[in-house]
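# An overview of the molecular structure
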Amino acid sequence: MDIVVTVAVSLVNMLTPGEEHGHPYPPLDEAGLPAAATAALRTGSPGTRDVTLAEATDLRRFAMAFRVVFSAVASGDVDAAARQVNEPFAATGAHPRLDRHDGEPWHLHFHGTVDDLAIGWAAGCATGLAVVLGSELHGRIGVCTAPRCDRVYVDTSRNGTRRFCSTTCQNRVKAAAFRARQATVG
(Lines give C-alpha, C1' and ligand atoms only; values in the text may rest on other atoms or scores of the structure.)
Protein backbone atom coordinates (compact mmCIF):
# COMPACT_ATOMS: atom_id res chain seq x y z
CA MET A 1 0.00 0.00 0.00
CA ASP A 2 2.88 2.37 0.66
CA ILE A 3 3.72 2.47 -3.06
CA VAL A 4 0.24 3.47 -4.19
CA VAL A 5 -0.09 6.10 -1.45
CA THR A 6 3.30 7.51 -2.53
CA VAL A 7 2.07 7.59 -6.13
CA ALA A 8 -1.15 9.33 -5.00
CA VAL A 9 1.01 12.02 -3.34
CA SER A 10 3.07 12.39 -6.52
CA LEU A 11 -0.01 12.60 -8.73
CA VAL A 12 -1.51 15.34 -6.56
CA ASN A 13 1.73 17.29 -6.30
CA MET A 14 2.69 17.01 -9.97
CA LEU A 15 -0.69 17.25 -11.70
CA THR A 16 -2.73 19.74 -9.67
CA PRO A 17 -2.21 23.51 -9.64
CA GLY A 18 -1.70 25.56 -6.52
CA GLU A 19 1.43 26.71 -4.73
CA GLU A 20 4.74 24.97 -4.14
CA HIS A 21 7.54 26.15 -1.84
CA GLY A 22 6.20 29.72 -1.85
CA HIS A 23 5.74 29.96 -5.61
CA PRO A 24 2.72 29.48 -7.87
CA TYR A 25 2.38 26.00 -9.34
CA PRO A 26 0.32 26.65 -12.48
CA PRO A 27 -1.81 24.07 -14.26
CA LEU A 28 0.20 21.97 -16.68
CA ASP A 29 -0.46 22.43 -20.36
CA GLU A 30 -1.00 19.55 -22.76
CA ALA A 31 2.69 19.50 -23.66
CA GLY A 32 3.88 18.97 -20.08
CA LEU A 33 1.06 16.87 -18.68
CA PRO A 34 2.07 13.41 -20.03
CA ALA A 35 5.68 13.74 -18.82
CA ALA A 36 4.55 14.87 -15.36
CA ALA A 37 2.06 12.00 -15.11
CA THR A 38 4.73 9.53 -16.21
CA ALA A 39 7.15 10.90 -13.59
CA ALA A 40 4.46 10.64 -10.89
CA LEU A 41 3.75 6.98 -11.69
CA ARG A 42 7.45 6.16 -11.83
CA THR A 43 7.84 7.22 -8.17
CA GLY A 44 6.16 3.91 -7.37
CA SER A 45 6.93 1.85 -10.44
CA PRO A 46 10.15 2.90 -12.24
CA GLY A 47 9.44 0.73 -15.28
CA THR A 48 6.11 2.38 -16.09
CA ARG A 49 5.77 3.17 -19.78
CA ASP A 50 5.26 6.73 -21.00
CA VAL A 51 1.75 8.01 -20.34
CA THR A 52 -0.39 9.31 -23.21
CA LEU A 53 -2.14 12.68 -23.10
CA ALA A 54 -5.55 10.99 -22.69
CA GLU A 55 -4.24 8.88 -19.77
CA ALA A 56 -2.57 11.92 -18.21
CA THR A 57 -5.81 13.87 -18.45
CA ASP A 58 -7.64 11.05 -16.66
CA LEU A 59 -4.90 10.84 -14.03
CA ARG A 60 -5.16 14.59 -13.41
CA ARG A 61 -8.92 14.23 -12.83
CA PHE A 62 -8.25 11.55 -10.21
CA ALA A 63 -5.41 13.61 -8.71
CA MET A 64 -7.87 16.47 -8.15
CA ALA A 65 -10.15 14.07 -6.27
CA PHE A 66 -7.22 12.77 -4.21
CA ARG A 67 -6.26 16.37 -3.34
CA VAL A 68 -9.67 16.78 -1.70
CA VAL A 69 -8.96 13.70 0.43
CA PHE A 70 -5.66 15.13 1.69
CA SER A 71 -7.23 18.54 2.33
CA ALA A 72 -10.13 17.05 4.27
CA VAL A 73 -7.77 15.06 6.51
CA ALA A 74 -5.59 18.13 7.04
CA SER A 75 -8.63 20.11 8.16
CA GLY A 76 -9.63 17.32 10.55
CA ASP A 77 -12.63 16.09 8.55
CA VAL A 78 -11.89 12.39 8.11
CA ASP A 79 -15.57 11.72 7.34
CA ALA A 80 -15.42 14.02 4.29
CA ALA A 81 -12.13 12.39 3.25
CA ALA A 82 -13.72 8.95 3.44
CA ARG A 83 -16.73 10.05 1.39
CA GLN A 84 -14.40 11.60 -1.18
CA VAL A 85 -12.21 8.49 -1.55
CA ASN A 86 -15.34 6.49 -2.33
CA GLU A 87 -15.83 8.51 -5.54
CA PRO A 88 -12.71 7.11 -7.30
CA PHE A 89 -13.77 3.63 -6.13
CA ALA A 90 -17.09 4.05 -7.88
CA ALA A 91 -15.53 5.66 -10.96
CA THR A 92 -12.92 2.93 -11.40
CA GLY A 93 -14.89 -0.09 -10.20
CA ALA A 94 -11.86 -1.04 -8.09
CA HIS A 95 -11.66 -4.73 -7.26
CA PRO A 96 -8.90 -6.84 -5.68
CA ARG A 97 -6.76 -9.28 -7.57
CA LEU A 98 -3.62 -11.24 -6.72
CA ASP A 99 -0.88 -10.59 -9.26
CA ARG A 100 2.71 -11.66 -9.69
CA HIS A 101 5.12 -9.86 -11.99
CA ASP A 102 8.74 -8.78 -12.34
CA GLY A 103 9.96 -11.75 -10.30
CA GLU A 104 8.02 -10.64 -7.23
CA PRO A 105 5.88 -12.97 -5.11
CA TRP A 106 2.08 -12.88 -5.33
CA HIS A 107 0.72 -9.61 -4.01
CA LEU A 108 -2.57 -7.74 -3.92
CA HIS A 109 -3.41 -5.24 -6.66
CA PHE A 110 -6.61 -3.31 -7.19
CA HIS A 111 -7.75 -3.06 -10.78
CA GLY A 112 -10.53 -1.11 -12.39
CA THR A 113 -13.33 -2.54 -14.48
CA VAL A 114 -11.38 -1.51 -17.59
CA ASP A 115 -7.79 -2.63 -18.19
CA ASP A 116 -6.48 0.91 -18.54
CA LEU A 117 -3.34 2.48 -17.07
CA ALA A 118 -5.11 5.52 -15.57
CA ILE A 119 -8.04 3.51 -14.19
CA GLY A 120 -5.72 0.87 -12.72
CA TRP A 121 -3.50 3.40 -10.95
CA ALA A 122 -6.49 5.42 -9.75
CA ALA A 123 -8.09 2.27 -8.34
CA GLY A 124 -4.86 1.35 -6.54
CA CYS A 125 -4.29 4.86 -5.19
CA ALA A 126 -7.89 5.11 -3.97
CA THR A 127 -7.47 1.76 -2.23
CA GLY A 128 -4.24 2.85 -0.58
CA LEU A 129 -5.82 6.07 0.66
CA ALA A 130 -8.85 4.11 1.89
CA VAL A 131 -6.60 1.76 3.87
CA VAL A 132 -4.90 4.78 5.49
CA LEU A 133 -8.23 6.49 6.23
CA GLY A 134 -9.69 3.30 7.67
CA SER A 135 -6.90 2.98 10.22
CA GLU A 136 -5.30 4.96 13.00
CA LEU A 137 -2.78 6.17 10.41
CA HIS A 138 -5.09 8.75 8.79
CA GLY A 139 -3.14 11.53 10.50
CA ARG A 140 -0.09 10.49 8.47
CA ILE A 141 -1.35 12.19 5.32
CA GLY A 142 -1.64 15.94 5.05
CA VAL A 143 -1.09 19.24 3.30
CA CYS A 144 2.07 21.29 3.82
CA THR A 145 1.63 23.90 6.58
CA ALA A 146 4.26 26.28 5.17
CA PRO A 147 2.93 29.61 3.92
CA ARG A 148 2.17 29.63 0.20
CA CYS A 149 2.46 25.87 -0.25
CA ASP A 150 -0.35 23.39 -0.72
CA ARG A 151 1.61 20.30 -1.74
CA VAL A 152 0.62 17.08 0.02
CA TYR A 153 2.68 14.46 1.83
CA VAL A 154 2.57 11.12 3.58
CA ASP A 155 4.41 11.01 6.90
CA THR A 156 6.57 7.90 7.19
CA SER A 157 8.56 9.16 10.17
CA ARG A 158 8.62 7.20 13.42
CA ASN A 159 6.96 9.86 15.53
CA GLY A 160 4.39 11.00 12.95
CA THR A 161 4.95 14.74 13.40
CA ARG A 162 5.65 15.81 9.83
CA ARG A 163 4.04 19.14 8.84
CA PHE A 164 5.81 20.03 5.61
CA CYS A 165 5.91 18.62 2.09
CA SER A 166 9.69 18.89 1.92
CA THR A 167 12.81 20.09 3.69
CA THR A 168 12.64 23.14 1.42
CA CYS A 169 9.40 24.28 3.07
CA GLN A 170 10.60 23.26 6.52
CA ASN A 171 13.74 25.36 6.04
CA ARG A 172 11.73 28.32 4.69
CA VAL A 173 9.58 28.33 7.85
CA LYS A 174 12.57 27.95 10.17
CA ALA A 175 14.46 30.76 8.40
CA ALA A 176 11.43 33.07 8.60
CA ALA A 177 11.04 32.33 12.33
CA PHE A 178 14.74 33.02 12.87
CA ARG A 179 14.52 36.34 11.00
CA ALA A 180 11.45 37.30 13.04
CA ARG A 181 13.27 36.55 16.31
CA GLN A 182 16.31 38.52 15.15
CA ALA A 183 14.13 41.51 14.23
CA THR A 184 12.65 41.65 17.75
CA VAL A 185 16.08 41.34 19.38
CA GLY A 186 17.77 44.04 17.28
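Placed above this text is the structure.
Here is a short report on the structure shown in this document. (Residues numbered from 1 in each chain as written. Predicted model: local features only at pLDDT ≥ 70, side-chain atom pairs only at ≥ 80, totals over all residues. Heavy atoms only, no water.)

### What to know about the pattern of salt bridges
Keep this limit in mind: Salt bridge, as used here, is a side-chain nitrogen of Lys or Arg placed within 4 Å of a carboxyl oxygen of Asp or Glu.
A full pass over the atoms with the stated rule returns 8 salt bridges. For D150, the salt bridge identified is with R151, shortest N-O distance 2.8 Å. Sharing partners across several salt bridges, the network here consists of R67, D150 and R151.

### A few points about the packing of helix 1 (residues 2-15) against helix 3 (residues 53-74)
Operational definition: Interaxial angles span 0 to 180 degrees and are taken between N-to-C directions of axes, which are lines fitted to C-alpha atoms, for helices over the stretch in contact. Each helix is a run of H or I in the DSSP string that is no shorter than four residues. Each strand is a run of E no shorter than two, and both are numbered from the N terminus. Roughly parallel refers to an angle under 35 degrees, roughly antiparallel to one over 145, roughly perpendicular to one between 65 and 115, and oblique to any angle outside these ranges. Note on contacts: a residue pair is in contact if any heavy atoms of the two residues lie within 4.5 Å. Each residue is assigned to one of three groups, with Ala, Val, Leu, Ile, Met, Phe, Trp, Tyr, Cys and Pro labelled nonpolar, Asp, Glu, Lys and Arg labelled charged, and all others, Gly among them, labelled polar.
Where helix 1 contacts helix 3, the two axes come as close as 8 Å, and the packing angle between them is 105°. Classified by the angle their axes make, helix 1 and helix 3 are roughly perpendicular. Taken together, the residues of helix 3 that come into contact with helix 1 (itself represented by A8, V9, L11, V12, N13 and L15) are L59, R60, A63, F66, R67 and F70. Its residues placed into classes, the contact of helix 1 with helix 3 shows 9 nonpolar, 1 polar and 2 charged.

### A look at unusual backbone geometry
Note the cut-off: Partly exposed describes any residue whose relative accessible area lies between the buried limit of under 20% and the exposed limit of over 50%, with all areas from a 1.4 Å probe on protein chains only and scaled to the type maximum.
Unusually for a residue other than glycine, H21 sits at a positive phi of about 55°. Structurally, H21 can be placed in the loop between strand 1 (18-20) and strand 2 (23-25). The partly exposed category is assigned to H21, whose relative accessible area is 22%. Phi at R148 is positive, roughly 60°, even though this residue is not glycine.

### Observations concerning the side chain of Q84
Locating Q84 in the fold gives a position in helix 4 (residues 78-92). On the basis of relative accessible area, Q84 is assigned to the buried category, the value being 12%. Contact partners of Q84, with chain neighbours within four places excluded, come to A65, V68 and V69.

### What to know about the environment of T127
Convention followed: Counting of polar contacts relies on pairs of N or O atoms within 3.5 Å, with two restrictions inside protein: one atom must be capable of donating a hydrogen and the other of accepting it, and residues adjacent in sequence are counted only when both atoms are side-chain atoms.
Tracing the backbone through its elements, the reader meets T127 in helix 5 (residues 117-133). Spatially, the C-alpha atom of T127 lies 21 Å from that of G47, the residues being 80 residues apart in sequence. In this view, T127 contacts M1, F89, A94 and F110; residues no more than four positions away in its chain are not counted. For T127, the side chain forms a polar contact with the main-chain oxygen of A123, separated by 2.8 Å.

So, to be careful, I would describe these as geometric facts and stop short of saying anything about function.
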